[in-house]
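The chain contents come next:
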Amino acid sequence: MKQKFITFLVGFFIYGTLFGVMMFYTETNGNIKKALSAGIFFGIFMALFEVFISPRIKNYFTKNKE
């Protein structure tokens, strides 16, 4: 449980920060509020993907490989 929480936080900060910065410079025309909300939204969903979906995908392909 502790490992999933750490994975979620790290994924949230990395994905959210990178996506927010990218949105700030490309799509939102310098609107910090839009870039921040987009970064938070994207960070949450990508972190949830890393915690719940990605391990199942990895397990599926390692089982079929053997």
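It should be noted that the structure appears before, not after, this text.
Rules of the game
- Residues numbered from 1 in each chain as written.
- Predicted model: local features only at pLDDT ≥ 70, side-chain atom pairs only at ≥ 80, totals over all residues.
- Heavy atoms only, no water.
- Helix = DSSP H or I, 4+ residues; strand = E, 2+ residues; numbered from the N terminus.
- Rg over C-alpha atoms; globule rule 2.2 N^0.38 Å.
- Buried < 20%, exposed > 50% of the residue type's maximum accessible area, 1.4 Å probe, protein only.
- Areas by Shrake-Rupley, 256 points an atom, 1.4 Å probe, with all protein chains shown as cover.
- Expected span 1.5 Å × (residues − 1).
- Contact = heavy atoms within 4.5 Å.
- Polar contact = N/O pair within 3.5 Å; in protein donor to acceptor, adjacent residues only side chain to side chain.
- Phe/Tyr/Trp six-rings, centres within 6.5 Å; stacked < 30°, edge-to-face > 60°.
- Patch = residues over 30% accessible without salt bridge, like charges linked within 9 Å, V, L, I, M, F, W, Y side chains within 5 Å.
- Salt bridge = Lys/Arg side-chain N within 4 Å of Asp/Glu carboxyl O.

Colleague: Summarise the overall build of the chain; cite the residues concerned and give the values.
Modeller: Of regular secondary structure, the chain possesses two helices and zero strands. Here the chain has a C-alpha radius of gyration of 15 Å; the compact-globule value for 66 residues is 11 Å, and the former is much larger. Expressed as lengths along the three principal axes of its C-alpha atoms, the size of the chain is roughly 50 × 25 × 10 Å. Residues counted as buried form 20% of the 66 residues belonging to the chain. In the structure as shown, the chain presents an accessible area of about 5,500 Å², 70% of it carried by carbon and sulfur atoms.

Colleague: Report on helix H2 (residues 32–65), specifying residues and quantitative values.
Modeller: Here H2 is 34 residues long and its end C-alpha atoms lie 46 Å apart, about the 50 Å a rise of 1.5 Å per residue gives. Structurally, H2 contributes buried residues whose contacts are with helix H1 (2–26). Between the side-chain oxygen of the N-cap and the backbone nitrogen of Lys33 there are 3.3 Å, and the N-cap of H2 in question is Asn31.

Colleague: If you had to explain the packing of aromatic side chains to someone new, which residues and values would you point to?
Modeller: According to the stated counting rule, one finds six aromatic pairs in the structure shown. Taking 4.3 Å as the distance between ring centres and 25 degrees as the angle between the ring planes, the aromatic pair formed by Phe19 and Phe42 counts as stacked. In this pair, Phe19 is assigned in helix H1 and Phe42 in helix H2, connecting sequence segments 23 residues apart. On the basis of relative accessible area, Phe42 is assigned to the partly exposed category, the value being 29%. With centroids separated by 5.2 Å and ring planes inclined at 80 degrees, the aromatic side chains of Tyr60 and Phe61 adopt a geometry described as edge-to-face. One exposure class covers both Tyr60 and Phe61, and it is exposed.

Colleague: Lay out a nonpolar patch on the surface in plain terms, naming residues and giving numbers.
Modeller: Taken together, the side chains of Leu36, Ile40, Phe41, Ile44, Phe45, Leu48, Phe49, Phe52, Ile53, Ile57, Tyr60 and Phe61 define a hydrophobic patch exposed on the protein surface, amounting to about 1,200 Å² of accessible area. Among the secondary structure elements, Ile53 is positioned in helix H2. Since its relative accessible area comes to 41%, Ile53 is described here as partly exposed.

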